[in-house]
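Take a look at the letters that make up each chain.
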Amino acid sequence: MAYLLLVLTTLFWSGNFVLARAMHLDLPPITMAFTRWSLALLIISPWLLPRIWKSRAVIKANLAKLIFFGVVGVAGFNTQVYLGLQDTTATNAVLMQSMVPIVILLIGAIFLGERGSPRRWIGVALSFSGVAVLVSQGQLSVITGMQFNQGDLWIIGAILVWAVYSVGLRWKPKGLDGFTFFGVTVVIAVIVLAPLSVWEQQSSPPIQWSGSVIATVLYMAIFPSILAYIFWNKGVEELGAAVAGLFIHLMPVFGLLLSVLFLGEALYSFHLWGVVLIFAGIYLAVIADTLKRMKLLN
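What you are looking at is a predicted structure, and each value in this text was computed from that prediction instead of being measured.

**A look at the overall build of the chain**
Piece 1. When its secondary structure is counted, the chain shows 14 helices and zero strands.
Piece 2. Of the regular secondary structure in the chain, the N- to C-terminal order runs α-α-α-α-α-α-α-α-α-α-α-α-α-α.
Piece 3. Buried positions account for 52% of the 298 residues belonging to the chain.
Piece 4. Sequence-distant contacts, at least 24 apart, represent 90% of the contacts inside the chain between residues at least 6 apart.
Piece 5. When the accessible area of the chain is evaluated, it comes to approximately 14000 Å², of which 71% is carbon and sulfur surface.

Laid out in structure tokens, this is it:
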């Protein structure tokens with residue numbers, strides 16, 4: 001069941017990227033994140049509030065951890081994605097998300113002492129070169145001149161914070177079930193995003209609440225928010241962050257299809273080269289090592 005939940009998670013997240021890009025002129029990015037999570041919190045409140053009251057002692061004892069997860073994994077990740085999609089394409093954003101498993105490996109190696117094989121580090125280098133191709137659009141002059149698309153840099157920031165969040169889930173408070181943990185982090189994210197959204201709207205045009213904008217917010221609140229986060233946390237809990245991270249590889253497939261079908265985004269040769277390098281690195285760094293360990297266990 002955990003595998004199916006992770007597949008659905010990547011599908012929902014891919015739809016989130018595509019819709020965020022489609023609506024980037026209608027909803028400012030921080031307000032988009034705040035509206036999404038506020039509606040999600042409103043939907044889950046009838047089930048969440050009794051659980052919070054029941055678990056209030058555990059929540060109080062682990063408040064610092066919960067603030068970290070809420071700020072980094074909920075408020076930080078999504079806001080950076082929406083900021084990035086103001087300037088970069090949904091295609092680039094979902095392709096770059098393929099780097100999450102590699103960044104998880106790097107964090108484990110640097111901060112947790114989880115050393116890998118030489119083949120794994122060759123894979124890391126290949127994947128990073130693939131992201132460089134995407135960010136530079138295959139032009140060396142972009143890298144040498146440091147003229148990066150600001151949107152791509154925001155997406156890279158989102159990748160980093162999501163990897164940190166995923167690795168950190170191993171320290172999730174054990175006294176909280178998955179739904180209560182998720183709900184508390186959403187409460188924290190809404191509190192953090194509220195003043196930022198007010199500040200943003202002071203310099204943004206008034207929001208026109210058309211049917212498409214309302215439908216977008218509803219989708220974001222239900223599928224990539226409530227369902228995807230619960231599914232992801234469950235998948236990481238059962239399979240571990242490294243294995244769950246493998247399912248991020250499905251995002252380019254779903255994202256490319258949705259971007260081409262619904263946004264009319266074009267595919268270029270640098271997209272293909274970036275994908276080849278990223279997936280070659282992922283195979284060497286993650287999949288090949290995983291298969292080898294499975295054979296040794298058998």
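Having seen the model, we can carry on.
**As for the environment of Asn233**
Piece 1. The residue Asn233 is located in helix α11 (residues 211–239) in this model.
Piece 2. Taking relative accessible area as the criterion, Asn233 reaches 7% and is therefore assigned buried.
Piece 3. For Asn233 and Phe179, which are 54 residues apart along the polypeptide, the C-alpha to C-alpha distance reads 9.1 Å.
Piece 4. A polar atom in the side chain of Asn233 sits 3.1 Å from the side chain of Tyr165.

**Re the packing of aromatic side chains**
Piece 1. Evaluation of the coordinates by the stated rule reveals 17 aromatic pairs.
Piece 2. Centre to centre, the rings of Phe69 and Phe181 are 5.2 Å apart; their planes meet at 75°, and the pair counts as edge-to-face. Pair noted here: Phe69 is in helix α4 (residues 63–84) and Phe181 is in helix α10 (residues 178–201), with a separation of 112 residues, a long-range link.
Piece 3. Given the relative accessible area of 2%, Phe69 is considered buried.
Piece 4. Cluster of aromatic residues (ring-pair linked, three or more members): Trp13, Trp37, Phe68, Phe69, Phe77, Trp162, Tyr165, Phe181, Phe182, Tyr229 and Trp232.
Piece 5. Between Arg56 and the ring centre of Trp53, over which it is positioned, the NZ or CZ distance is 4.0 Å.

**Structural notes on α11**
Piece 1. Here α11 contains 29 residues, and its C-alpha end-to-end distance of 39 Å stays within 8% of the 42 Å for a straight helix at 1.5 Å per residue.
Piece 2. Considering bend angle alone, the principal kink of α11 is centred on Ala228 and spans about 40°.
Piece 3. Immediately downstream of α11, the backbone of Gly240 shows phi near 95°, a positive value.

**A short note on a nonpolar patch on the surface**
Piece 1. Among the surface-exposed residues, Ile43, Trp47, Trp209, Ile214, Leu218, Ile222 and Phe223 lie close enough to one another that they form a single nonpolar patch of about 650 Å² accessible area.
Piece 2. Sorting the residues of the nonpolar patch by element identifies α2 (29–54) and α11 as the ones contributing at least two each.
Piece 3. If one sorts the elements of the nonpolar patch by residue count, α11 sits on top with four residues.
Piece 4. The residue Trp209 is located in the loop between α10 and α11 in this model.

**Details of the side chain of Asn78**
Piece 1. Note on placement: Asn78 falls in helix α4.
Piece 2. Those residues in contact with Asn78 that lie beyond four places of it in its chain are Asn16, Arg36, Trp37, Gly73 and Tyr229.

**Structural notes on the nonpolar core**
Piece 1. Among the nonpolar cores identified, the biggest contains 72 residues, and Trp13, Trp37, Trp162, Tyr165, Tyr229 and Trp232 are the most heavily contacted of them.
Piece 2. With 10 residues, α11 is the single largest residue contributor to this core.
Piece 3. Apart from residues lying up to four places away in sequence, Trp13 is in contact with Trp162, Pro224, Ala228, Tyr229, Trp232, Ile248 and Met251.

**Here we look at the side chain of Thr31**
Piece 1. Tracing the backbone shows Thr31 in helix α2.
Piece 2. The class of Thr31 is buried, set by a relative accessible area of 2%.
Piece 3. Discounting chain neighbours no more than four positions away, the residues touching Thr31 are Ser197, Glu200, Gln201 and Ile207.

The rules we used
Note that residues are indexed from 1 along each chain, following the sequence as it is written. Given that this is a predicted model, residues contribute local features only at a pLDDT of at least 70 and side-chain atom pairs are listed and counted only at 80 or more, while totals for whole chains, interfaces and linings are drawn from all residues. Side-chain figures throughout are based on the complete set of non-hydrogen atoms in the structure, without hydrogens or water. Helix and strand assignments follow DSSP, with helices taken as H or I runs no shorter than four residues and strands as E runs no shorter than two, numbered in order from the N terminus. Burial status follows relative accessibility: with a 1.4 Å probe on protein chains alone, a residue under 20% of its type maximum counts as buried, one over 50% as exposed, and anything between as partly exposed. Contacts between residues were defined by any pair of non-hydrogen atoms, one from each residue, lying within 4.5 Å. All accessible areas in this document rest on Shrake-Rupley with a 1.4 Å probe, and a residue is counted as covered only by the protein chains that are shown. Whenever a nitrogen or oxygen atom comes within 3.5 Å of another N or O atom, the pair is scored as a polar contact, on the condition that within protein one atom can donate a hydrogen and the other can accept it, and that pairs from neighbouring residues in sequence are kept only if both atoms are in side chains. Here is the rule: rings of Phe, Tyr and Trp (six-membered ring for Trp) pair when centre to centre is within 6.5 Å. Planes less than 30 degrees apart are stacked, more than 60 are edge-to-face, and the remainder are tilted. The rule for a charge over a ring is simple: NZ of Lys or CZ of Arg within 6 Å of the ring centre, and within 35 degrees of the ring normal. Expected helix span is given by 1.5 Å per residue-to-residue step, counting one fewer step than there are residues. Given a residue, its bend is the angle between the two axes fitted to the seven residues that end at it and to the seven that start from it. Here a patch means residues that are over 30% exposed by relative accessible area and free of salt bridges, tied together within 9 Å if like-charged and within 5 Å if nonpolar (Val, Leu, Ile, Met, Phe, Trp, Tyr). A carboxyl oxygen of Asp or Glu within 4 Å of a side-chain nitrogen of Lys or Arg is what we treat as a salt bridge. Residues belong to one nonpolar core when they are buried, are Ala, Val, Leu, Ile, Met, Phe, Trp, Tyr or Cys, and are joined through side-chain atoms within 4.5 Å.

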